[in-house]
There are 2 protein chains.
Amino acid sequence: MEEGTSKSPSHCADTDHAAGAADTDPFQWDTREDCEVRQILDRVADKWSLLVIALLDRRKLRFTELRREIDGVSQRMLTVTLRQLERDGLVKRTVYPVVPPRVEYELTPLGGTLHTTIRTLVTWTEEHQNEIAAAREAYDAREAAV
Amino acid sequence: MEEGTSKSPSHCADTDHAAGAADTDPFQWDTREDCEVRQILDRVADKWSLLVIALLDRRKLRFTELRREIDGVSQRMLTVTLRQLERDGLVKRTVYPVVPPRVEYELTPLGGTLHTTIRTLVTWTEEHQNEIAAAREAYDAREAAV
DNA sequence: CTGGATCCGACATGATACTG
DNA sequence: CAGTATCATGTCGGATCCAG
């Protein structure tokens, strides 16, 4: 992630419906790799990004607070993730030039709209995790039987 | 499979609201790693999974058809992805015992509900990709200036 | 045609140490 | 406190070969 930061993917799908038209074409969206949409999707659907955005909903948090709240994130990954989100205009970073450095992170309006969307995905997962767990057990059992 | 397929993460967040209750607690969901929700999320938000589910919406496709439609996917990744989705009960795999093997993939009802959700995420991305692109340019320009 | 198995390189991520 | 820099490594993913 940190390496290839300045890729310039093709705007393949920013055709018409990207502007907001109620295009409901079932499938045909990206398919092609190096598509901007797919790239953004990968970033947005990222493990840590998801968590950061969720935690930042409606409140500011400092670097260390975020780090403490997100179990398992390394300092490095948190920094990288925050930078990406900042670059994408989803998170705003405010530095207070005081003696012990103080940096606060918060969602931008754009980030806020994403939060809603992400929340939908999370809710879906929460609602169906049991079904998925069951499906896995069934699948594994079937496999083991063979 | 080769990667971590048989992890048994803790059911940390499958508490109450997971059952479907209209719980709108702003943030507190996973945070902890090795949380089942987070694991499912990672799978579901996966690059290839997203594409496969999108393509499978409302129609069956054969292995080769999928491979052809998804630009850039290797045989291996497609196989792995399909297996995961099948295990999770999102995709149904049907094998026809004919001379040239014929295997068809289609979404299960559960997979169908996920498609809707994913579609939301994709739509968001499509609608905001310009804003994000602009934010990136602005950010990069700001950086370069320094 | 479908896909399992293996080898292997590349990149993402983690751990650690250092700085303003 | 909030990073940056460096090094170590695990995993992902691609290529290839092979089998039912």
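See the structure above.
Note that the coordinates shown come from a computational prediction; the quantities given were computed from them, not determined experimentally.

Engineer: Please set out the overall build of chain A residue by residue, giving values where relevant.
Structural biologist: The secondary structure content of chain A amounts to five helices and three strands. Seen in sequence order, chain A has helices and strands lined up from the N terminus as α-α-β-α-α-β-β-α. Per-residue burial over chain A gives 48% buried out of 146 residues. The contacts in chain A between residues at least 6 apart in sequence include a share of 47% that link residues at least 24 apart. When the accessible area of chain A is evaluated, it comes to approximately 7,300 Å², of which 53% is carbon and sulfur surface.

Engineer: So what's going on with the packing of helix H2 (residues 47–55) of chain B against helix H4 (residues 75–87) of chain B? Residues and values would help.
Structural biologist: All names here are of chain B. Contact pair H2 / H4: the axes reach a minimum separation of 10 Å and the direction vectors enclose 75°. Compared by their axis directions, H2 and H4 come out roughly perpendicular. Counting all contacts with H2, which are made through Trp48, Ser49, Val52 and Ile53, the residues of H4 involved are Met77, Leu78, Thr81, Leu82 and Leu85. Across the contact of H2 with H4, the residue classes break down as seven nonpolar, two polar and no charged.

Engineer: Report on the sheet that holds strand E3 (residues 102–107) of chain B, specifying residues and quantitative values.
Structural biologist: Residues and elements named next belong to chain B. With antiparallel pairing, three strands are arranged side by side in an open sheet as E1-E3-E2. Both edges of this open sheet fall to strand E1 (61–62) and strand E2 (91–96), since each of them pairs with a single strand only. Inspection of the sheet shows E2 paired to E3 by six bridges, in the antiparallel sense. Counted as the bridge partner of Thr94 is Glu104 from E3. Sitting on the sheet, H4 touches E2 and E3, and the angle it makes with E2 is about 110°.

Engineer: Give a detailed account of the environment of Gly111(B), specifying residues and quantitative values.
Structural biologist: Residues and elements named next belong to chain B. Inspection of the secondary structure assignment puts Gly111 in helix H5 (residues 109–145). The class of Gly111 is buried, set by a relative accessible area of 0%. Sequence-wise, Gly111 and Val95 are 16 residues apart; in three dimensions their C-alpha atoms are separated by 19 Å. Not counting the four nearest positions on each side in its chain, Gly111 is found in contact with Ile53, Gly89 and Leu90.

Engineer: Could you give an account of helix H5 (residues 109–145) of chain A, naming the residues involved and the relevant values?
Structural biologist: For H5(A), spanning 37 residues, the distance from its first C-alpha to its last is 52 Å, which sits close to the expected 54 Å at 1.5 Å a residue. Of all the bends in H5(A), the greatest measures close to 55° and is centred on His128(A).

Engineer: Let's hear about the sheet that holds strand E1 (residues 61–62) of chain A: which residues, and what values?
Structural biologist: Residue and element names in this part refer to chain A. On the basis of which strands lie adjacent, the open sheet formed by three strands has the order E1-E3-E2 and antiparallel pairing. The sheet is open, and its two borders are formed by E1 and strand E2 (91–96), each paired with just one other strand. On top of the sheet, helix H4 (residues 75–87) reaches E2 and strand E3 (102–107); it is set at about 110° to E2, its chief contact.

Engineer: How would you sum up unusual backbone geometry? Please name residues and give values.
Structural biologist: Residue and element names in this part refer to chain A. Look at Arg58: it is not a glycine, yet its phi comes out positive at around 65°. For Arg58, the position within the fold is in the loop between helix H2 (47–55) and E1. The class for Arg58 is exposed, based on a relative accessible area of 70%.

Engineer: Give a description of the environment of His115(A) that names residues and reports values.
Structural biologist: Residues and elements named next belong to chain A. Position of His115 relative to the elements: it lies in helix H5. Judged by relative accessible area, His115 falls into the buried class, the value being 8%. Sequence separation between His115 and Arg102 is 13 residues; the distance between their C-alpha atoms is 25 Å.

Engineer: Outline helix H1 (residues 36–44) of chain B, listing residues and values.
Structural biologist: The element H1(B) is largely enclosed, with a buried count of seven among its nine residues. Of all the positions in H1(B), only Glu36(B), Val37(B), Arg38(B), Ile40(B), Leu41(B), Arg43(B) and Val44(B) are classed as buried. The inward-facing, buried residues of H1(B) abut H2 and H5 of chain A together with H2, H4 and H5 of chain B.

Rules of the game
Positions within a chain are numbered from 1, following the residues in the order the chain's sequence is written. Working convention: letters from A go to chains and numbers from 1 go to ligands, in the order in which they are written. A pLDDT threshold of at least 70 governs which residues receive local features in this predicted model, and a stricter bar of 80 or more applies before side-chain atom pairs are shown or counted, although totals over entire chains, interfaces and linings include all residues. Hydrogens and water are ignored here; the side-chain numbers use all heavy atoms of the structure. Numbering of helices and strands runs from the N terminus, with a helix taken as a DSSP run of H or I at least four residues long and a strand as a DSSP run of E at least two residues long. In this scheme, a residue with accessible area under 20% of its type's maximum is buried, one over 50% is exposed, and one in between is partly exposed, where area comes from a 1.4 Å probe on protein chains only. Contacts: residue pairs with any heavy atoms within 4.5 Å of one another. Areas reported as accessible are Shrake-Rupley estimates using a 1.4 Å probe. Residue values count occlusion only from the protein chains shown. A fitted line through C-alpha atoms represents every axis, and for helices the fit uses only the stretch in contact; the resulting angles, taken between N-to-C directions, go from 0 to 180 degrees. An angle counts as roughly parallel when it lies under 35 degrees, as roughly antiparallel when it exceeds 145, as roughly perpendicular when it falls between 65 and 115, and as oblique in every other case. Put simply, Ala, Val, Leu, Ile, Met, Phe, Trp, Tyr, Cys and Pro go in the nonpolar bin, Asp, Glu, Lys and Arg in the charged bin, and everything else, Gly too, in the polar bin. By the convention used here, strands pair only if DSSP detects at least 2 bridges between them. Multiplying 1.5 Å by the helix residue count minus one yields the expected span of that helix. Axes are fitted to the seven residues ending at a residue and to the seven starting at it; the angle between these axes is taken as the bend at that residue.

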